[in-house]
Structures are given as structure tokens and as C-alpha cells.
2 protein chains.
Amino acid sequence: MKWNLVISLFLLSFGQLSWGQEGMVIPEYDGKDRVHYLNVKNYKSVMRKYDVMVVYYHEHVGSSKVSQKQFEIEELALEVSGLGVFASLLLTGLEEPDSIYIFIEDEVIEYDGELAADTLVEFIYDVIDDPVEIIDNANELKGFESLEEDMKLVGYFKNVRSEPYVVFKDTAEEFHPHVKFFATFSSKIAKRLNLDMNDVDFYEPFIDSPFSIPGKPYTEEDLVNFIEDNIRPTLRKLKPHNMYEIWEDDVDGEHIIAFAEEDDPDGFEFLEILKEVAEDNSANPNLSIIWIDPDQFPLLVPYWEKTFDIDLSSPQIGVVDVEDADSIWLEMDDHDDMPTPDELEDWLMDVLENEIDPDHDDEDDDDDDDDNDFTVNICIFKI
Amino acid sequence: MKWNLVISLFLLSFGQLSWGQEGMVIPEYDGKDRVHYLNVKNYKSVMRKYDVMVVYYHEHVGSSKVSQKQFEIEELALEVSGLGVFASLLLTGLEEPDSIYIFIEDEVIEYDGELAADTLVEFIYDVIDDPVEIIDNANELKGFESLEEDMKLVGYFKNVRSEPYVVFKDTAEEFHPHVKFFATFSSKIAKRLNLDMNDVDFYEPFIDSPFSIPGKPYTEEDLVNFIEDNIRPTLRKLKPHNMYEIWEDDVDGEHIIAFAEEDDPDGFEFLEILKEVAEDNSANPNLSIIWIDPDQFPLLVPYWEKTFDIDLSSPQIGVVDVEDADSIWLEMDDHDDMPTPDELEDWLMDVLENEIDPDHDDEDDDDDDDDNDFTVNICIFKI
């Protein structure tokens, strides 16, 4: 937790805290400007000052009213989060414009998520967290098991000084915080996880049964290679902090996308079916499904409904061409006509074999192309 | 789903969508101004136009730079959400300044959560959802059971036209979307829920065993009274959409607050203990604990750590005086010294009997009062 203090320096900044009068109020943005533009002259001295630093690397802001306002919003997101905004086209080695990089010790971690203050800061808290979590007892094991949305590894080691643990920890640092690493030093916990000494198991998201990594004792390279070979899971959840990263990781120009609201009975039911299919097909390297819970992206719901011509108040699964956003969706009458796992699997196999392909109707869908211009009805109020 | 279209009118508004070139991009704010100030002359005609409307009711904005900027941020949150901002001191019946009200059909629902675009829009989606969800099959029942964070009711009825169902639905509309209402018309599901015809069961958050509402057949008044008598649960989770509402609902000027990160093994372990204690004490009307997952409020973590002088990287439970924010926290060495459920219960009972009371040391803590001024270290970058 050695980073806490440093981060605090960035974050603590609130206005209107007249404590005695108002009691336990919740702080609001103080309106202070803490934007700092990095350039070739100052960036070394600035970067030397902080243990954790966030750099927002962007292209020259256009002069149109829209791009000015857009930049203003992005800047505000960083200001509300209390983080300095560092912008420069001069930093070498950072190729992608409009990206955010987090500098911590010798690592540079790219942030490819939503540009919102809370999402970014939550991600930074993950970054400064320990890369390996230790499982000490049965309740913590239950916590480990309940964590199904992330890709995770767990190993059983003698103690923190054992060489295999050091290799495991070094690997963890490579993938942290995107992949979760757990370790136990307890033989009782190891037994419940079916781990022998120095074994490491790999869990895909949403899949209960792990895969034992072969070739123990592992080198760091072994572990890194194994993870990289398996980094695109059968089923993964789009989250605000990784949305752009996942969006860009298409399979041959397509995404299989499932929309399901976990808190809704229909959505939950569909997710159960989806997880079953994913579990049965976890060995198929071509199958990769993105699950989106519309609840987590309320501002994008109308956009997705319009673009894909679907109703997100009930679950949907479809295949989307990332170039032109053409898409085909599985017919499901809401409520009573949920597919069985076998039906869903058949449909997915048809997608993989291009029997179902959003490009098939490209020649005769001139009308549909109007969607691509995306004209919308806006409600503007103005006196 | 009849509201979808109306909401879409408000929400669909994005800039920079050059679809063909960029493929499936994620839309960003278009910079358009859709603020509308309601006044005594125009508000009737504006309100007549929309089925769902959001009114932001605020006091005159102060002239200081801070309050101007604060207002700007609040306005921007509503603009990004695509909702019109309506402001007026002239609306009658809406007493609380700086509040947001959602008008839908004949109902006015107060929004007492974080003023962030996505949180507000997610809440509005909940508002336009059906007030009663129907459980049709075993998978949907599993979804119902997995929903533990909300207060919920479930009833078994003959069909949608039966009088007891109509009463249940009318009650649901009163509490929607804050309390979740479920119904089943299936005898098989009813059997698994141990419900006889026209029975209604009430579930506190995080407590598996329900309470059967007595006095069937119920009138709407019976149900409303029962819910109002039980609306403050033994354990409830602070969420962005209800944070101010819960914050203001203190018990005799105090809050018992538990911080625990669900995705962390320690946090998960502590939550298990906390839920066990809540379950054992659900009949105690004086016990009410607020669980805060720091992951959901990353921007507030440094503020809470500073105010309460605690380290939120491990679980914490304490009692807080809402007037002066004095607080007392249960001693827990992180990791290995988690309290047993019995120890935690003893501590909580001491709190309820004022054996543990943050006010006890008020006379000799002049030094601590410095915290109340809340001076902070800010890192300002400026060339």
C-alpha cells in the first residue's frame, strides 16, 4: 500500500467543505485547474517528481466547436478525478494518439477505457494494488471462486521466497492489472484447489474448471507465452475500463456480441445459457463472445439499439461486422422463446463457418446503409 | 417498453460518427446545448410535450468562481446524458433545492444520487422498466435469487387480471424503482418459493430467508405500510444512484459504515461475516449498516481515508457521527485478524448501547477537530 500517499496528493481536492455546519457532506469538484502541458523542456523534471503519473497523449485539438467541446469534456474528466492532464506529442515511444498511459515504477501501462474520472481512478487503484493476492483461508477462497468476470491464475507455492513464486510474481507484474494472479501457501487451500506444489492453474472468465499449465517448473517465458496464447477468452465482459481495448480486438473483422442485463430475470437466464455454451466450447480458439450488460453503458444503449436495429430491453446475441457495423441477430421472441444451449451452440457454429455472416447481404442492402450516416432525432431546448 | 422511443429522442445525439471510415466507433458528446430553463410562462407547454421529463431544480448559482464551475459540471453531466436540464424556482410542490425530479405519467420520482450522466440515465432506464418482473422458469428464479443487493418482494398470483395481483402491482408503482417487485403465475415456481396463492414474501437485502407478510388478502395500504415499516434494512449497500438518499437517512445522528471491496479476498471474507451478522440480527430494528464498496466510489476514497483516518485498502467497520464526522473504527489488523461473527456482533451491540460512541471523546479532541477544516495537499500543475 506504499502508493496510497502519492495518489492522495493528486486526488484530495474539494471545495465547499464547511464541515461543522453541513455534517458529513460528500465533496464536490473545487473548480481548480490542475492541467499541466508536458513539453520537451519540462517533462523529465515533472515525471521525476511523481511515483505514479498519468499522461494523456492527444492530437492537436481541432478548431471546430464540437472538437473543442469534446476536448473540454475529456479534460474535465481528468480534472474531476484530480489527476493532472499531461499532454504532449513529444514523448517518444508512445505511438497511439488520444491515449492515456500510466507510469508506475519502470512500467508503462496503457489505459484503453472510458474517459471518465471514476473509471480511470478505479483503474489506477487496481494498478497500485499488489499484482498477486494471497489466499489464506476458506472465506478468501470463496472470494476467489466468486470472481468469475476476470481471467485469473492461481498457484501453490512454499513461501514468498521460493523461486517458482518469484517467477509467478514477475509474470503477474507483466499482466497486472488486466489478468488477476492469486497464490496460496496453505496446503489445505491447495488441496481444495487440486494444486500440487508449484502448480499453476489458469481460469478463463465465466468458466469454473481451470486448465493446468503444463511444463512445471515454469520459466517466466513459459507463463507469459501460455497467457498470451490464451488471452482472448471464449466469453468476456465489456467493462468501462477496457471497452476500447476489447472493441479493437475483433476476430477477422467481426465480433460476436451478446447483450444481457444480469439484474433482469430474462437477462440472467440468457447468461446462464451463454455460460454453459462457453464452458462446453472453451477449447475452441475461434469462438470469442463479448458480453455487454446494457446497465453498465446506459448512455450507449440508444446508439446500439439504433445501429443494430435491436431492442435491448430483452437479451440479444448477434454477429457484427466492425467495418460497416452490419449485423445479424439471433431471433428470440422475448420471454418464452429463449434458445436452448444446443440451439445457441448451433447458431454460433454457423457464425464461425460463415453460414451466418453480416456481409452476405451487402449487395442488396443499400437502404440499410442509411443507418451508417446515423442521422438522429435530437431534442434541443432553447429559449 | 412503450417508453423506449421517447427516451431515445432525448438520448440520441452524437458527433463525429464517420461510420464508413472508422468502423464501429463509440459515440462521443456532440457539444450541442440542450439546456432549457423552465419558468412560470413556459413550463406547462414544455411538460406537456414529453412522456418522461427530468427537472433539475436548483438555487440561484452563486457568483464565486467555484460555484459557477460546480454548476457548469452539473449542467454538463445532464448534457452528456442528453437530457434537457430544466431549472426553475417556480415549480410548486418541489421543496428541496438542488434536486432532480423525474416526471413520468402521473408520478414524480425524486433522484437523490450522484449527478453523473451514466448513473442518472441508468436510473431512468430503471424508472421506465416494468414495476413488476414476472418469474416464468427455473433460470429466472435463479436470477431472482441472485439479486441480493436490493430490497425485494415476490408474490404468487392466479394471473394478471386477479385482484390481488392488481393490488400488488399498484403497490409496486409506489416504490418503483427503489424496491424490486417480482411475481409468478406458475405453481411450480411458487412451490419452490414456498408461496401459497396470493402470498407475498418480503426479502431484506443480503438476507436469504424471506419474511411472509401477514394479513392476506392485502390491501394496497397493508402492503405500503409493511414496506414503509421495513424500508431501512439491517444491511444496505451504498450505490451511486442512491448515495445521498442513504447518506441522509441516519439513525439518531449516526451511521454504522462498513467498507469492503467485494472483488478483494479480504473484503469478500469480511462481507461474508457481515452478512452472517445481518442475517442473525435482521429482526433488530435499531441495527442498520451501510456497506460501501470503495471500488464503486474511487473518487471519494482519499476523502474518506482522510476524514476517518482509516486505510481503505483493507476492510473497515466503524460508527460515524454525521454532525461532526467524528468516528470510531473496529480494530482489525489486516489479513489475519478478521473478527468472528460473534465478535463483530458484540461490537455492534456496544455501538447500539452507546458503549462505543464517537461523541464520547468530543471534549478532549480539540486536535482532531483540525480534520474538520479539511485542509488538503493539492497538486496543481501550471506553466
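Placed above this text is the structure.
Residues numbered from 1 in each chain as written. Chains lettered and ligands numbered in written order. Predicted model: local features only at pLDDT ≥ 70, side-chain atom pairs only at ≥ 80, totals over all residues. Heavy atoms only, no water.

*Asks:* Before we move on, can you summarise the overall build of chain A with the specific residues and values?
*Replies:* Secondary structure summary: chain A contains 14 helices and 17 strands in total. The 383 residues of chain A split such that 56% are buried. Within chain A, counting contacts between residues at least 6 apart in sequence, those at least 24 apart form 72% of the total. Put simply, chain A shows about 17,400 Å² of open surface, and 44% of that area lies on carbon and sulfur atoms. (Helix = DSSP H or I, 4+ residues; strand = E, 2+ residues; numbered from the N terminus. Buried < 20%, exposed > 50% of the residue type's maximum accessible area, 1.4 Å probe, protein only. Contact = heavy atoms within 4.5 Å. Areas by Shrake-Rupley, 256 points an atom, 1.4 Å probe, with all protein chains shown as cover.)

*Asks:* Tell me about the packing of aromatic side chains, and please be specific about residues and values.
*Replies:* The geometry of an aromatic ring pair is captured by two quantities: the separation of the ring centres and the angle between the planes. Residue and element names in this part refer to chain A. Throughout the structure, instances matching the rule amount to 32 aromatic pairs over all chains. An angle of 65° between the planes, with centres 5.3 Å apart, marks the rings of phenylalanine 168 and phenylalanine 181 as edge-to-face. With phenylalanine 168 in helix α7 (residues 163–175) and phenylalanine 181 in strand β10 (residues 180–184), this residue pair connects regions lying 13 residues apart in the sequence. Classification of phenylalanine 181 as buried rests on a relative accessible area of 1%. Ring geometry for phenylalanine 202 against phenylalanine 226: centres 5.2 Å apart, planes inclined by 80°, an arrangement best described as edge-to-face. (Phe/Tyr/Trp six-rings, centres within 6.5 Å; stacked < 30°, edge-to-face > 60°.)

*Asks:* Quick one: what's the story with helix α9 (residues 220–229) of chain B, residue by residue and with numbers?
*Replies:* Residue and element names in this part refer to chain B. Regarding α9, the residues found buried are Leu223, Val224, Phe226 and Ile227. With its buried residues spanning 165° around the axis, α9 presents them on a single face. What points out from α9, more than 90 degrees from its buried face, is the exposed set Glu221 and Asp229. (Arc of directions from axis to C-beta.)

*Asks:* Lay out the packing of α7(A) against helix α9 (residues 220–229) of chain A with the relevant residues and their values.
*Replies:* Residue and element names in this part refer to chain A. One way to put it is that α7 packs onto α9 with a least axis distance of 9 Å and a crossing angle of 40°. Here α7 is positioned oblique relative to α9, judged by the angle of their axes. The interaxial crossing formed by α7 with α9 has right-handed handedness. Two secondary-structure elements touch here, α7 through Val167, Phe168, Asp170, Thr171, Glu174 and Phe175 and α9 through Glu220, Leu223, Val224, Ile227 and Glu228. Within the contact of α7 with α9, the residues separate by chemical class into six nonpolar, one polar and four charged. (Axes fitted to C-alpha atoms, helices over the stretch in contact; angles between N-to-C directions. Parallel < 35°, antiparallel > 145°, perpendicular 65-115°, else oblique. Left-handed = near helix turned anticlockwise from the far one by under 90°. Nonpolar A, V, L, I, M, F, W, Y, C, P; charged D, E, K, R; others polar.)

*Asks:* Describe unusual backbone geometry, naming the residues involved and giving the relevant values.
*Replies:* As a rule of thumb, non-glycine residues mostly have phi less than zero, and peptide bonds are mostly trans rather than cis. Here the amide bond leading from His176(B) into Pro177(B) is cis, since omega sits at 0°, within 30 degrees of zero. Tracing the chain through its elements places Pro177(B) in the loop between α7 (163–175) and β10 (180–184). The peptide bond linking Lys216(B) to Pro217(B) adopts the cis configuration, its omega dihedral lying at 0°. Here Pro217(B) shows up in the loop between β12 (211–212) and α9. Here the phi dihedral of Ala325(A) falls at roughly 65°; this positive angle occurs in a residue that is not glycine. Along the chain, Ala325(A) turns up in the loop between β16 (316–321) and β17 (327–329). One non-glycine residue, Asn354(A), adopts positive backbone phi at about 60°. As for its position among the elements, Asn354(A) is in the loop between α13 (341–352) and α14 (370–373). Overall, the relative accessible area of 40% leaves Asn354(A) in the partly exposed class.

*Asks:* Break down the environment of Ala260(A) for me, citing the residues and quoting the values.
*Replies:* Following the sequence through the fold, Ala260(A) ends up in the loop between β14 (254–259) and α11 (265–280). Contact partners of Ala260(A), with chain neighbours within four places excluded, come to Gly267(A), Phe270(A), Leu271(A), Trp291(A), Ile292(A), Asp293(A), Pro294(A) and Pro315(A).

*Asks:* How would you sum up the sheet that holds β12(B)? Please name residues and give values.
*Replies:* All names here are of chain B. Across the sheet, five strands lie side by side as β8-β10-β9-β11-β12; this open sheet has mixed pairing. Both outer strands of the open sheet, β8 (132–134) and β12, are each paired with one neighbouring strand and no more. Across two bridges, the pairing between strand β11 (residues 200–203) and β12 is antiparallel. Considered in β12, the bridge of phenylalanine 202 is made with phenylalanine 211. (Pairing = 2+ DSSP bridges.)

*Asks:* Tell me about the pairing of β16(A), and name the residues and values.
*Replies:* Two faces make up the sheet, and in a regular strand the side chains alternate between them. All names here are of chain A. When you tally the buried positions in β16, you get six out of six residues, the bulk of the element. In terms of strand pairing, β14 meets β16 through six bridges, oriented antiparallel. Paired with glutamate 254 across the bridge in β16 is aspartate 321. Between β16 and β17, which pair antiparallel in sequence order, lie five residues; one of them, alanine 325, sits at a positive phi of approximately 65°.

*Asks:* Would you mind going over helix α5 (residues 117–128) of chain B in detail, with residue names and values included?
*Replies:* All names here are of chain B. Between its terminal C-alpha atoms α5 stretches 17 Å, which fits the 16 Å expected from 12 residues at 1.5 Å a residue. For α5, the buried fraction is high: 10 of the 12 residues fall into the buried class. Along α5, the residues that are buried comprise Ala117, Thr119, Leu120, Val121, Phe123, Ile124, Tyr125, Asp126, Val127 and Ile128. (Expected span 1.5 Å × (residues − 1).)

*Asks:* Please provide a residue-by-residue account of the sheet that holds strand β15 (residues 289–292) of chain A, values included.
*Replies:* Pairing between sheet strands relies on hydrogen bonds along the backbone, with the strands arranged either parallel or antiparallel. Residues and elements named next belong to chain A. Read across the open sheet, the five strands follow the order β13-β15-β14-β16-β17; overall the sheet is mixed. The sheet is open, and its two edges are formed by β13 (235–237) and β17, each paired on a single side. The average angle at which neighbouring strand axes cross in this sheet is 25°, direction not considered. Alignment of β16 against β17, held across three bridges, turns out to be antiparallel. Bridge pairing in β17 places valine 320 opposite serine 327.

*Asks:* Describe in detail the environment of Met151(A), supporting the description with residues and values.
*Replies:* Residue and element names in this part refer to chain A. Note that methionine 151 resides in the loop between α6 (138–146) and β9 (152–156). Residue classification places methionine 151 among the buried residues on the basis of a relative accessible area of 6%. Those residues in contact with methionine 151 that lie beyond four places of it in its chain are Val179, Lys180, Phe202, Tyr203, Pro205, Asn230, Ile231 and Pro233.

*Asks:* With reference to specific residues and values, describe the pattern of salt bridges.
*Replies:* Residue and element names in this part refer to chain A. The full count for this structure, using the stated rule, is 18 salt bridges over all chains. A salt bridge links lysine 216 to aspartate 199, with the nearest nitrogen and oxygen atoms 3.0 Å apart. Here the residue lysine 216 occupies a position in the loop between β12 (211–212) and α9, and aspartate 199 occupies one in the loop between α8 (187–192) and β11 (200–203), the gap between them amounting to 17 residues. With relative accessibility at 39%, the residue lysine 216 sits in the partly exposed group. Overall, the relative accessible area of 17% leaves aspartate 199 in the buried class. (Salt bridge = Lys/Arg side-chain N within 4 Å of Asp/Glu carboxyl O.)

*Asks:* Go over the side chain of Lys237(B), please, and point to the residues and values.
*Replies:* All names here are of chain B. Tracing the chain through its elements places lysine 237 in strand β13 (residues 235–237). You can call lysine 237 buried: its relative accessible area is 5%. One polar contact links lysine 237 to glutamate 149, side chain to side chain, over a distance of 3.0 Å. Excluding its chain neighbours within four sequence positions, the residues that come into contact with lysine 237 are Glu149, Phe206, Asn242, Ile246, Glu262, Trp291, Asp293 and Gln296. (Polar contact = N/O pair within 3.5 Å; in protein donor to acceptor, adjacent residues only side chain to side chain.)

*Asks:* So what's going on with the packing of α11(A) against helix α6 (residues 138–146) of chain B? Residues and values would help.
*Replies:* Orientation of α11(A) relative to α6(B), taken along the N-to-C sense of each, is 110°, at an axis distance of 8 Å. Judged by the inter-axis angle, α11(A) sits roughly perpendicular to α6(B). Crossing of α11(A) over α6(B) shows right-handed handedness. Contacts between α11(A) and α6(B) involve Pro265(A), Asp266(A), Phe268(A), Glu269(A), Glu272(A) and Ile273(A) on the former and, on the latter, Asn139(B), Glu140(B), Lys142(B), Gly143(B) and Ser146(B).

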